[in-house]
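Chain by chain, the residues:
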Amino acid sequence: MAAEILAGWEMVATESNQRWNPDEYDRTARFVSDLGADALALLDPSPGERILDLGCGDGVLTERIIRVGARVVALDSSAEQVTAARGRGVDARVGDAASLEFQNEFDAVFSNAVLHWIRDVDAVLAGVHRTLRSGGRFVAEFGGAGNIETVRLALVAALNRRGFDGQALDPWYFPGAAEYSDRLEAHGFVVESAELFDRPTRLTGDMLDWLALFGQRFFAALNEGDRPTAVAEVCDAVRAGLQRADGTWMVDYVRLRVKALKADDGAIATKHHA
Ligand code: BEZ
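Here is a short report on the structure shown in this document. Computed from a predicted structure; not experimentally measured. (Residues numbered from 1 in each chain as written. Predicted model: local features only at pLDDT ≥ 70, side-chain atom pairs only at ≥ 80, totals over all residues. Heavy atoms only, no water.)

### Some words on the pairing of strand β5 (residues 132–143)
Along β5, nine of the 12 residues are buried, which leaves the element largely enclosed by surrounding structure. One crossover worth recording links strand β4 (residues 106–112) to the parallel β5 by way of helix α6 (residues 121–131), and it is right-handed. Two strands pair when backbone bridges link them, and β5 and strand β9 (residues 254–262) are joined in this way by seven bridges, in the antiparallel orientation. For A140, the partnering residue across the bridge sits in β9 and is V258. (Buried < 20%, exposed > 50% of the residue type's maximum accessible area, 1.4 Å probe, protein only. Helix = DSSP H or I, 4+ residues; strand = E, 2+ residues; numbered from the N terminus. Right-handed = clockwise from strand over helix to strand, strands pointing away. Pairing = 2+ DSSP bridges.)

Right, dumping it as structure tokens:
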């Protein structure tokens, strides 16, 4: 499977060369939406509310918000994922979380397992703030400081060994609770909670497939013929730390889960940093 995923990549790494194929995503990463239940509970959607789902993927989690009776608009940067989400009846649109054009029109913005892919954090937070009505809430969960550290270090090292700057190819932003809270406040949010916690995550498939799906930005820098060896090398490098005796992979995921409000005049900030 990893070989199939690798075969479709472009030769030159660009900021946007992470591709999402709904079938591969379903096979390799279904746990992402399955594990979104707690973030959804924090969102606590109500019937009739207008909610923006930022980075809806194939819309599995979005459907759960719709089922409550909320009116949901869902955005994703991947046209393939948007098509999959529309197939589930979701009002999904192709869009960039860093250039939102909504104005004071949503009761809540929700995002699960997406924001670590976007380096322009200030553009995202400015857009989310504009999007919300006064007093509206922003609930997000994504990779936090230390997330997938074992894999990340192995990826960077593999690229460095091949003469690239592995760090420069790293597409991810994994902030701590205090750092992200400061950024939220700088954009006019009142932070209700910001919790950083370990969530070791068992892969449903093989590490090779996970690397091929999520590590595209690193491997796309290599010639096509060099990619399978590099993916296998990273897999071997993380084996001792992440593979269990029964052969399953347990990846060192760390989550940052936040809830913040678009401040009303006179709102009082209360902050809990984990
Ligand atoms: C995450 O959900 O934390 C994640 C998944 C793949 C790559 C990077 C982060």
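### Some remarks on helix α4 (residues 60–68)
Three or more residues of α4 are buried, namely V60, L61, T62 and I65. Just beyond α4, the residue with positive phi is G69, at close to 110 degrees.

### Some details on the packing of aromatic side chains
Evaluation of the coordinates by the stated rule reveals eight aromatic pairs. Summarising the aromatic geometry, the rings of W172 and F174 are spaced 6.0 Å apart at their centres and angled 25 degrees between planes, so their arrangement reads as stacked. Classification of W172 by relative accessible area gives buried; the value is 2%. Residue F174 is classed as buried on the basis of its relative accessible area of 10%. Through a chain of ring-to-ring contacts, the aromatic side chains of W117, W172, F174, W210, F214 and F218 assemble into a single cluster. Cation over ring: R50 sits above F106, and NZ or CZ is 4.3 Å from the ring centre. (Phe/Tyr/Trp six-rings, centres within 6.5 Å; stacked < 30°, edge-to-face > 60°. Lys NZ or Arg CZ within 6 Å of the ring centre and 35° of its normal.)

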